[in-house]
Structures are given as structure tokens and as C-alpha cells.
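Single-letter residue listing:
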Amino acid sequence: MKEKEKRVLTGNEAISRGFYEAGGIIAASYPGSPTVEVVEKLKEYEEVYSEFSTNEKVALEVAIGGSFYGVRSMAVMKHVGVNIAADPLMTFTQTPINGGFLLISGDDPGLASSQNEQDNRLFAKFANIAVLDPSNSQEAKDYTKLALDISEKFQIPMMLRITSRICHSRSIVSLDERIEAEVKGINRDKDKFCMIPPGSRRAQFFMKERIEKLEEYAYDLEINTLEEIESDTLIITSGMVYQNLKEVNPNASIWKLGLIYPISNKRAKEITAKYNRVIIIEEMMPFIENELKLMGIKCEGKEHFSFTGELDIKDIEAGLHNAGIIKDKRSYSERFVETVPRPPLFCTGCPHRPVFDILKKSKAKTIIGDIGCYSMAFLFPFEQSNIIISMGASIGITKGIKKAMSKKEDNEPLVAVIGDGTFFHSGLPTFVNLLHKKQEGENMTFIVLDNRTTAMTGGQPNASSGLYNDRDDMKVGIKTLLESMGFDRVNEINQYDYKAAAKLFKEEIAYDGLSIIVANGPCALKYNIEEPYYYVDPTICISCRACIKTNCPPLRMIKYEGIEKLKSSIDEDMCVGCSVCAQVCPVNAIKSSKEINREDEKIDN
Amino acid sequence: MTTNIMLGGVGGQGLILMTKIICQAALADDFDVKSNDVVGLSQRGGMVWGNVRIGNRVYSPNIPPGEGDILVAMEPIEGLRWSSVLKEKATIILNSKRFYPTMVQQEKHEYPIAEVENLKEAFKVIEINAFDEALKIGKKQVSNVILLGILSVFIDIKVDTWKKAVANNVPNKTIEMNLRAFDFGVSIGEGYK
């Protein structure tokens, strides 16, 4: 037999490959770390239709549609995305499955790039669906395929729960050929698919029986593996924690679960009965632990391991030491040396920079932020966000604050910011809602930061991107849309035109009513902005640091030879020529290298 | 025996491509290999890190504490930050090109020059301004390949395997320039072997 081709793949790439090999046809997602690359990688396979949908709810619905037609389908999202998709999910799960259906949930223990740390294994149980938890890229691929098989066999939507570490770590994967799955066509049995009573009442029993059957099936499922050694302790674990546990290599047997919900009651009792102590190691909530406790199995878990964050090798060793399983604990140095922190910042040339520089100088004391690159405005030195909750939440929250203020005759101006991606994701209904009970004299300024892409997750296109480049197909103009909704005060401004933007912001923040500013400027990364660099003339610079306060990476104060005071400078290799620093300079000490060349040309002529 | 390579840098420097190239080279020479990258928020000029573990059987992609064999520091502060994962007397390949973090730019914190210099007492430090060297070779984008060339001297992977992995991951037009950068790195690394 020919040896299989091997590749080093990330967990995300492996899921893509698994979906392709399993004969998958429809995949939809909304970009969110840690799962962004799953659908991006699917573009390589022309057999698969994939899209980044407007939001996770729409993505789930597109995938549900694929499944209803009888083809294998997948919806991919980060953990909080499942909240958006929860409405169709909680009802879709009551119907039988036609084409295999898989929900990929990217959980983020440790909150590497998320606003919360919710454990979506609970969501799966809530929705009466089963959960697979891979521990490396090979398993990520294999479980993707297995999930689609189980989905069709048991008529159940499946969840593949992955964590950021699995998504982004690479390991070796053997590739297989694609198998074209049988296409069943639409099942028009309305009693099973129209989810209104009495069909939806019957569905409760259907879901219960389905999970029960799957629990029986789990009894001898091969992906739940038992590694037995001579020991009175059994450790039960899953996912990446298993790999970290293997590095610790304690004197204990290990039951590694691939299918973590449902767990076979009979099997769990048989295995655990042989041990004096049963220890569950799992990240975040005590999910497996609670399942076992519900079965009446005596076990330990969260008393030894943190309820939050990842459980790395060191944490597992410390927990097992606390439990008395490991006698000698090594002493470790800290994870990294405490030195100057390096938080993220707006990229060189970022169009959000002038907006927050202007807001910092404005009269607005309360700024309601949202989710996107511009969330970083809450960081030093801008510190221009007072509230950030979830995708699209800024607009509704602002209205609520304003209405409360009105009742108390407080008319401080409020400013909310929302990006173009977030605007289309979940901002649209919140803007419509602003038109309801709109009152004169309620001072709110809404700034839509249109950088023409969903930037934070790596520059995916969204509904307005097509207006600005030929690659993308949707051309929904934000200003046009808002005006046709009925907003009468919508201004558009080029964010790089600092003076005009500052004037407009001042006017709109002073305006005693509702106004909207669409602040337009291309994402410097996605649109590869690179204009001739700017430089500082230290003999003109007055060391006021107005430019430095914009926090643009190439800028810093340096010592020039023969000049006593520190003066500003620009690293010409990093500068992309956005000109914002030159525009905030009160004495015109910052100049474009292009203008210099032009002057030279004039002299030459 | 597992070799643990740590990488630290600044978002946007191309660290993820580095770990990918190392992984592909390790697989091609029949090693087991696992890697990590931070992806997400820290892309925007924040601190980023990654690591690669190469051996006969690798379980966790995470380097056990204090088990790092070699650190590729793409920026001096990041070299300082991640030196704690290293074994005693381990090697640090240090790109001396600085990126100034916000707190230094805003004059709230000095750039830790002395602390970076002190690394030389505890570790074998190979210091190079890969940025300037890359410009001399042709393009700032080949900085990382110079660092890979230095790294290659300390890893049990064949030179040809490395070069194939580099060539597979850079634009066709720049393969020749990248291989020159790699060779330059090798020549630097050889001096410290």
C-alpha cells in the first residue's frame, strides 16, 4: 500500500481537510479568532462551497440549509459566535438530520483574543447535541469526519469543540482521499421539519431518545481510549490537556475521552470502579466532572485545577501535586521575564488613529466602544472607550444610557463607535431601533468606522468591501443605507483629512440631537497602504509631542546631535506615509519625503 | 530527545511563517514535530510568540518550563521576555533591530538596554541586526530567513531540507534572494558552533 502523504497542519487546517475528505459541500462561518482559518483554507477545494456570512446566525442557517438539502454541511464560529447563532441552533436540533451537520465551536480558555471565556460544552448539552474534543491536528481531522458520520447515523447535529491552542498549534496529519457522500435531496416531511406544536412537542422525545442511543454507542467507541498502568488512580481528560498531561507522565491510568458528551454511564462505572481515586483534568468548567457526579461516581477535579485559563504542563503538575499524586514538584521560573510590556496598538497608517486622537481632544467624556481593532482605543495612550461588551452592543447601550440620562435631565453628549464589520454583523437592527422614540435634544453621536474590511481577524471582506476593490462582491454603502432607513443627519468624512474630521466631530458632538458620522479610510494592512515616508525637521520641532501622542509605531523622541532637547523622529522604514503626524504638528515640522523630491525637481527644472 | 525552539517577536514580523517553515523542514527529515503560535489580538504590533518542538515523539506543543534549547528573538525586548523558558547556558539568536513599545514611545519607560546586554552573561547570545543585513542582501523581508539560517546550524535537519522548506514558503521571484539570506545566516551561525 502506498504510504499516505503527510503534512504539518494547524488544527484549523486539519478541520478544513477533514471536511473536504468527508465529502463536505456547504461550509459557512463568521470570522472570529481562533477559528478564522478553517473557512479560509476551504477556498482551496473547489468541491466545497464556503462563505463568510454576515454573522454567525446567518452562517448557521446557511449550513442548516445545506444539511436540509441532504449534503454534508458545517458552520464554523468562535465560542461567543454560538450565542448569536443560538436561536436557530436550539430549534434546528429538534429536527432529524438529512445531510451530516457539524458545528465547530472555537473556545478560548485564557481569553487570548476574546471578551469572555464561556465553555461551549455546556451549550452543546443545552442543545441536546453531542461533542467531540480533539487533542491534536490528526484528531481534529479524524473527528471532523467521524462527527459527520455520527450525525447522519443518529440524526443529530454534532459539535466539534476546539480550543485556541488546538486551532493554532501544528502537528503531523496523514491525508486521505475525498469520499463523495450520497446526496439525499430535500426531505419534505413537514411534521418533522416545521417546528411548531405539535411537531415540536414530539421533538422533545425524539431528542431524548437520540442522546440515549448515542450514550449506548459511546460504550465501546474507539476514540475514548484507556491507558492502564499499575496504579490506584485514574485520570480522565480530553483535548489538549491530554497532551500536556502526557508530558507530566504521572503514575496513573488515563481515560482519554474523544466523545465528551454523552459519556457512557455503564462504561464510566466499569472503569472507575477499579480505582480508589478518580481525577478529572479539564479546562474551564467542571463539565466531565459534573457528568460523572450525576452518574454517582466519586471523583475530584476543580479542587485541584483552576476554573479559568489554560491548563499547561506546569498547572497540571501543580494540581496533581496538590492532589498528592505527584510527590516532588519542580520549581519553575515565571512564564516570562517581567520587562516592558508590549500591548497591541493601531498599525502604522491605521485610519482609526486620527479618530481617537480627535476624540481624546474632544468634549465627549463617555465613549461606548465595540468589538474590532478599534477596541484597542481603550488602551493607553488613547483610553477612549468606557464600555465594551459584545458585537454590535454599543448602539443599543448608548440609547439606553441616553434615555436614562433624559429621565434625569442630564444632557452630556454620548459618543459610540462601531466598525463596518460589526455594523453589518449585528449593528443594523440596533440602528433601526434608534429611530424608535427618537427625541429632539438627545445628544448622541454615532461614528461608523468604515475601514472597508473585517480587519481584526485578518481582513476578511464584508458587505461594503466591494465598493472599494474588485475582488469583493457586496457593495452596500453604509451612508446610503442609514439615510434610506430615515436618518437625516449622516455625514461622511475621510479619516485621514484630520482638520476636516476634527471640525466635523466638534460640530456633531456639539449638536443637540442624533447624528451619525461615517468615518471612511482603508485598513492600512489589508489595502497595503504605502506612500512615501514622512520625516521630522528637528530644527523646527518644538518637542510638544503632539505627534508622539498619536502612538504611531515609527515615531519616537530622540537625541539629535547638537540639539539639547529631545525631538521627534520617524523610522522611515516603518512609515507608510499616512500623514496624520504631520497634520497634528502645530509648527509644520513633519514633511513628506515626496514633497522634498518635488522641490528638488522644481530646482532641477 | 526533543529539541525545543522558542520564538519571540512583534506582531507583523512574520513569526508564524517562521514556525511553519521549521515544522515543514522537521517533517521532511522524518521527525515528529509540534508547534504553537499566538494568533489574534497581538498581531497588531503587540508581543507575539511561537515555539516548535522536534523529536521522536512529541506530545504537547508547549515547551515544558525551563526546557527551551534555543530562542530566536526577533527583537531585543522579546529576547529578554522569553529567556525564562530556556535551559541554563542555552543559545539566543538575537535580532538587534528594535521596535519601541508604547510605554517607551510615550516616555514612561526606558528601553531596557542593560537588561538585554546582561543576557550575554547567562546565555550564548548570537547578536545580529538582521534588518540591516537583509537590506544589504536586497529586501527587509528576508530578515527572518537570515535568523533561520543561523538557527539551522544548531538543529539536526539537513541544509537541503531547510532550503526546500524556505523555497516552498516564499514568493517565487524571491527564492534566490531568500536562499542567499539563508546561506548568510548559516555562515554567521557556523562561527558560533
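Computed from a prediction, not measured in an experiment: that's the story for all the values here.

Moving on, we get to the UniProt feature "binding site: [4Fe-4S] cluster 1" (unreviewed entry) in chain A. Residues and elements named next belong to chain A. Mapped onto this numbering, the UniProt entry annotates "binding site: [4Fe-4S] cluster 1" (unreviewed entry) at Cys 541, Cys 544, Cys 547 and Cys 585. A maximum C-alpha distance of 10.4 Å is found for the annotated residues, which run over 45 residues; spatially they form one tight group. Other than its neighbours up to four places away in sequence, Cys 541 contacts Val 536, Lys 567, Ser 568 and Ala 589. For Cys 544, a relative accessible area of 34% corresponds to the partly exposed category.

Okay, the layout of surface pockets next. Residues and elements named next belong to chain A. Put simply, the second largest pocket is a space of about 450 Å³. Lining the second largest pocket are 20 residues, with Glu 51, Phe 52, Pro 461, Asp 473 and Met 474 positioned closest to its centre. Where the lining of the second largest pocket is concerned, the elements lending two or more residues are β3 (49–52) and α16 (420–434). It is β3 that provides the largest number of residues to the lining of the second largest pocket, a total of four residues. Grouping the amino acids of the lining of the second largest pocket by side-chain chemistry returns nine nonpolar, six polar and five charged. Split by domain, the residues of the lining of the second largest pocket number at least three in each of domain 1 (6–220) and domain 3 (352–520).

A separate point is the confidence of the model for chain A. Confidence along chain A averages 95 in pLDDT terms, with 98% of residues attaining 70 or more. Contacts from residues 598–605 of chain A, a stretch scored under 50 in pLDDT, to residues over four places away or in other chains number zero contacts.

Our focus in this paragraph is helix α10 (residues 239–248) of chain A. Taken across its 10 residues, α10 of chain A has nine buried, putting it largely inside the fold. Following α10 of chain A by one or two positions, Asn 249 of chain A adopts a phi angle in the positive range, close to 50°.

To continue, consider the pattern of salt bridges. In this structure the tally under the stated criterion is 49 salt bridges over all chains. One salt bridge connects Arg 342 of chain A with Glu 75 of chain B, and the closest N-O pair in it is separated by 2.8 Å. Residue Arg 342 of chain A is found in the loop between α13 (313–322) and α14 (352–361), and its partner Glu 75 of chain B is found in the loop between β4 (68–73) and α2 (76–82); the two belong to separate chains. On the accessibility criterion, Arg 342 of chain A (5% relative accessible area) is buried. Among the ionic pairs, Asp 29 of chain B bridges to Lys 158 of chain B, the shortest N-O distance being 3.5 Å. With Asp 29 of chain B in the loop between α1 (15–28) and β2 (32–37) and Lys 158 of chain B in the loop between α6 (143–152) and α7 (159–168), this residue pair connects regions lying 129 residues apart in the sequence. On the basis of relative accessibility, which here comes to 56%, the residue Lys 158 of chain B falls in the exposed class. Members of the salt-bridge network, linked through shared partners, are Lys 4, Arg 17, Glu 21, Lys 141, Lys 145 and Asp 176 of chain A.

This part is about the UniProt feature "binding site: [4Fe-4S] cluster 2" (unreviewed entry) in chain A. As annotated in UniProt, the feature "binding site: [4Fe-4S] cluster 2" (unreviewed entry) corresponds to Cys 552, Cys 575, Cys 578 and Cys 581 of chain A in the numbering used here. A compact arrangement is adopted by the annotated residues: their sequence extent is 30 residues, whereas the largest C-alpha distance between any two is 10.6 Å. The residue Cys 552 of chain A is located in the loop between β19 (534–536) and β20 (555–558) in this model. Those residues within four positions of Cys 552 of chain A in sequence are excluded, and the remaining contacts are Thr 348, Gly 349 and Arg 353 of chain A together with Gln 105 of chain B. Note on placement: Cys 575 of chain A falls in the loop between β21 (567–570) and α19 (580–584).

Residue and element names in this part refer to chain A. In space, the five strands of this open sheet follow the order β14-β15-β16-β18-β17, with parallel pairing throughout. Two strands in the sheet have a free side with no partner beyond their single neighbour: β14 (366–368) and β17 (490–494). Here the average twist between neighbouring strands, direction ignored, is 20°. Pairing geometry for β17 and strand β18 (residues 514–520), over five bridges, is parallel. Note that in β18 the partner of Glu 492 across the bridge is Val 518. Helix α15 (residues 393–407) rests against β14, β15 (414–419) and β16 (444–450) of the sheet, and its axis sits at about 170° to β15. This element, helix α18 (residues 498–510), spans β15, β16, β17 and β18 of the sheet and lies at about 155° to β17.

Calculation notes
Residues numbered from 1 in each chain as written. Chains lettered and ligands numbered in written order. Predicted model: local features only at pLDDT ≥ 70, side-chain atom pairs only at ≥ 80, totals over all residues. Heavy atoms only, no water. UniProt positions renumbered as here; feature names shortened; annotations may be inferred. Contact = heavy atoms within 4.5 Å. Buried < 20%, exposed > 50% of the residue type's maximum accessible area, 1.4 Å probe, protein only. 1 Å grid on protein atoms, 1.4 Å probe; cavity = no way out; pocket = protein on both sides within 12 Å on 5 of 7 lines; lining within 4 Å. Points joined across faces, edges and corners; volume = space filled by probe spheres on them. Helix = DSSP H or I, 4+ residues; strand = E, 2+ residues; numbered from the N terminus. Nonpolar A, V, L, I, M, F, W, Y, C, P; charged D, E, K, R; others polar. Domains from an automatic or database assignment. pLDDT = per-residue confidence, 0-100. Salt bridge = Lys/Arg side-chain N within 4 Å of Asp/Glu carboxyl O. Pairing = 2+ DSSP bridges. Axes fitted to C-alpha atoms, helices over the stretch in contact; angles between N-to-C directions.

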